[in-house]
Amino acid sequence: DTAVSQTPKYLVTQMGNDKSIKCEQNLGHDTMYWYKQDSKKFLKIMFSYNNKELIINETVPNRFSPKSPDKAHLNLHINSLELGDSAVYFCASSQGFAGGWIEQFFGPGTRLTVL
Amino acid sequence: SQQGEEDPQALSIQEGENATMNCSYKTSINNLQWYRQNSGRGLVHLILIRSNEREKHSGRLRVTLDTSKKSSSLLITASRAADTASYFCATRTISGSARQLTFGSGTQLTVLP
């Protein structure tokens, strides 16, 4: 059984479109994250939710809006896509928000290509 | 700027050899974690070492931490082709608002059969 799953795995779209990426975890964790990995493999945190509340919001354009309907889901909606948004987006989860004390479990990633 | 930076960026070795990867970081930390990422996959946690620990083992993995030099190393002994992956260090910073894991850009390890 997949612990952290993301859909879709690949997303190819035109500039200016709006798209969403979904994430679900079945580990019973209460904290979920979104990371962006660029072409140089540098991984940067974007958002973190604990018990459906936003606790980390890094300097991310407000075109990116996370939504957490419940503790098991954290979706990422992106408006007005730009070329620079092309990257691999990873969802992750952990039990408790310990700010990095504990391991995080990652999804398989969503490769977003903006044309 | 990045908190953790891995060195080398790429490493290619023969199966059976040992692989050593290094990580340097800038600010004080609570702990340091190593993750592995296979091509096209998400990251998988390997090992966590706390700031008051100097060395930790897990199977064929050995991690060292030198807080005075702000550096850590990951040693994989008797490497296998299946160890081919990118390896990332991640640090949890102590001060400021950076109460999250900060990752480096990874070392790409290739183990040749």
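Residues numbered from 1 in each chain as written. Chains lettered and ligands numbered in written order. Predicted model: local features only at pLDDT ≥ 70, side-chain atom pairs only at ≥ 80, totals over all residues. Heavy atoms only, no water.

### A word on the environment of Thr110(B)
Residue and element names in this part refer to chain B.
- By the secondary structure assignment, threonine 110 is in strand E11 (residues 107-112).
- On the accessibility criterion, threonine 110 (28% relative accessible area) is partly exposed.
- Separated by 27 residues in sequence, threonine 110 and aspartate 83 have C-alpha atoms that sit 7.6 Å apart.
- In this view, threonine 110 contacts Leu11, Ser12, Ile13 and Thr84; residues no more than four positions away in its chain are not counted. (Helix = DSSP H or I, 4+ residues; strand = E, 2+ residues; numbered from the N terminus. Buried < 20%, exposed > 50% of the residue type's maximum accessible area, 1.4 Å probe, protein only. Contact = heavy atoms within 4.5 Å.)

### Digging into the nonpolar core
- In this structure, Leu32(B), Trp34(B), Leu74(B), Ile76(B), Tyr87(B) and Leu109(B) are the most contacted members of the largest nonpolar core, which totals 21 residues.
- Secondary-structure elements contributing two or more residues to this core are strand E3 (19-25), strand E4 (29-37), strand E5 (43-50), strand E7 (61-66), strand E8 (71-76), strand E9 (85-93) and E11 of chain B.
- By residue number, the principal contributor to this core is E3(B), which donates four residues.
- Filtering out sequence-adjacent residues up to four positions away, Leu32(B) remains in contact with Cys23(B), Tyr25(B), Ile47(B), Leu48(B), Ile49(B), Leu65(B), Ser72(B), Cys89(B), Ala90(B) and Thr91(B).
- Judged by nonpolar contacts, the second largest core, of 20 residues, contains Phe47(A), Leu74(A), Leu81(A) and Val114(A). (Core = buried A, V, L, I, M, F, W, Y, C linked by side-chain atoms within 4.5 Å.)

### Quick word on the packing of aromatic side chains
Residues and elements named next belong to chain A.
- In total, this model carries eight aromatic pairs over all chains according to the counting rule given.
- Consider the rings of tyrosine 35 and phenylalanine 106, whose centres lie 5.3 Å apart with planes at 40°: the pair is tilted. Of this pair, tyrosine 35 sits in strand E4 (residues 31-37) while phenylalanine 106 is found in strand E10 (residues 105-106), placing the two residues 71 residues apart along the sequence.
- A relative accessible area of 0% means that tyrosine 35 is categorised as buried.
- Look at phenylalanine 106 and you get buried, because its relative accessible area is 11%. (Phe/Tyr/Trp six-rings, centres within 6.5 Å; stacked < 30°, edge-to-face > 60°.)

### Focus on the environment of Glu82(A)
Residues and elements named next belong to chain A.
- Along the chain, glutamate 82 turns up in the loop between strand E8 (73-78) and strand E9 (87-94).
- For glutamate 82 and methionine 15, which are 67 residues apart along the polypeptide, the C-alpha to C-alpha distance reads 5.3 Å.
- Filtering out sequence-adjacent residues up to four positions away, glutamate 82 remains in contact with Met15, Arg63 and Val114.
- Of note is the side chain of glutamate 82, whose polar atom sits 3.5 Å from the side chain of arginine 63. (Polar contact = N/O pair within 3.5 Å; in protein donor to acceptor, adjacent residues only side chain to side chain.)

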